[in-house]
Amino acid sequence: MRDGSIEDVVGCWFQKVLSDYIRQNGRGCEADFYFAAIRHGATGLYELHRRLEFDSDYADRVPELLHELRVRLTSTPQPKWPRYPEMEGLEQDIDDATDFDQDDLEDYWNSDRWKRDTFTTLTNQFWDFRGYAEPADRKRMHFLDEVSEIWFAAGASALVFYATNDQRRWRKVANSLRELADHLEADGLQRLPWGSRGRKSSRTAFRYNAGRRNDE
């Protein structure tokens with residue numbers, strides 16, 4: 001209930017600023033916003049008490065608040081490392097039994113459209129990471145350079161996860177990365193058929209749902 005108290009006013013203002021930040025940077029950045037708010041709030045409070053004399057114990061209560069937050073956070077299950085699927089599930093054949101229109105499915109998966117759809121989805125997710133540049137104290141492009149390095153490493157390490165010491169598998173993945181690097185140096189991936197500058201824009205790709213093809 002709105003009561004005009006300081007908690008009410010600050011809470012409403014906080015939610016408005018958070019909504020604006022999410023609108024600009026997308027979902028998934030809330031944790032960065034909250035952390036930045038805690039940091040700026042605590043720093044501002046200490047600086048205020050350093051410059052002026054206040055009859056309050058707010059500055060002394062900050063460590064208590066941080067301790068309470070630490071206890072809550074450490075009691076919350078933390079994200080785990082990626083859980084890889086069983087190798088048998090990756091190698092087995094896919095059952096043909098399906099309710100989808102087989103002709104439509106073959107047309108889709110035998111063309112570059114599924115690659116363009118995937119390319120568009122992953123590209124949008126990649127740009128969403130720009131919202132983390134500020135709490136990481138980086139310029140956005142510099143931060144995205146680091147993100148791209150992680151993406152390349154994540155894809156490559158996943159492909160060789162089951163290879164253990166099979167260096168032939170390592171070389172196969174490495175050669176795929178080299179081939180992509182050659183295309184990058186040659187024309188900036190402009191001639192990548194399923195890329196954003198390919199023969200057809202990914203925005204014209206089709207979405208399949210229950211065997212029906214609909215324009216996005």
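To start, this report covers the structure provided alongside it. (Residues numbered from 1 in each chain as written. Predicted model: local features only at pLDDT ≥ 70, side-chain atom pairs only at ≥ 80, totals over all residues. Heavy atoms only, no water.)

1. Regarding the packing of aromatic side chains
How two aromatic rings sit relative to each other is set out by the distance from centre to centre and by the angle between their planes. Counted according to the given criterion, the structure contains 13 aromatic pairs. Within the aromatic cluster, the residues linked to one another by ring pairs are Trp 13, Phe 14, Tyr 21, Phe 33 and Tyr 34. (Phe/Tyr/Trp six-rings, centres within 6.5 Å; stacked < 30°, edge-to-face > 60°.)

2. Some thoughts on a nonpolar patch on the surface
Taken together, the side chains of Met 87, Leu 90, Phe 161 and Tyr 162 define a hydrophobic patch exposed on the protein surface, amounting to about 350 Å² of accessible area. Position of Tyr 162 among the secondary structure elements: in the loop between α7 (140–159) and α8 (167–187). (Patch = residues over 30% accessible without salt bridge, like charges linked within 9 Å, V, L, I, M, F, W, Y side chains within 5 Å. Areas by Shrake-Rupley, 256 points an atom, 1.4 Å probe, with all protein chains shown as cover. Salt bridge = Lys/Arg side-chain N within 4 Å of Asp/Glu carboxyl O. Helix = DSSP H or I, 4+ residues; strand = E, 2+ residues; numbered from the N terminus.)

3. Points about the packing of helix α2 (residues 30–51) against helix α3 (residues 58–74)
Relative to each other, α2 and α3 sit at 160 degrees, their axes nearing to 9 Å. Relative to α3, α2 is oriented roughly antiparallel. In this structure, α2 meets α3 at a crossing whose hand is left-handed. Contact residues: α2 offers Ile 38, Ala 42, Leu 45, Tyr 46 and His 49, while α3 offers Tyr 58, Ala 59, Val 62, Pro 63, Leu 66 and Leu 69. (Axes fitted to C-alpha atoms, helices over the stretch in contact; angles between N-to-C directions. Parallel < 35°, antiparallel > 145°, perpendicular 65-115°, else oblique. Left-handed = near helix turned anticlockwise from the far one by under 90°. Contact = heavy atoms within 4.5 Å.)

4. Considering the packing of helix α1 (residues 6–25) against α2
In the contact formed by α1 and α2, the axes pass within 10 Å of each other and the chain directions differ by 135 degrees. With respect to α2, the axis of α1 lies oblique. Note on packing geometry: the crossing formed by α1 with α2 is right-handed. In this structure, α1 contributes Phe 14, Gln 15, Val 17, Leu 18, Tyr 21 and Ile 22 to the contact, and α2 contributes Glu 30, Phe 33, Tyr 34 and Ala 37. Looking at the contact of α1 with α2, its residues break down into 8 nonpolar, 1 polar and 1 charged. (Nonpolar A, V, L, I, M, F, W, Y, C, P; charged D, E, K, R; others polar.)

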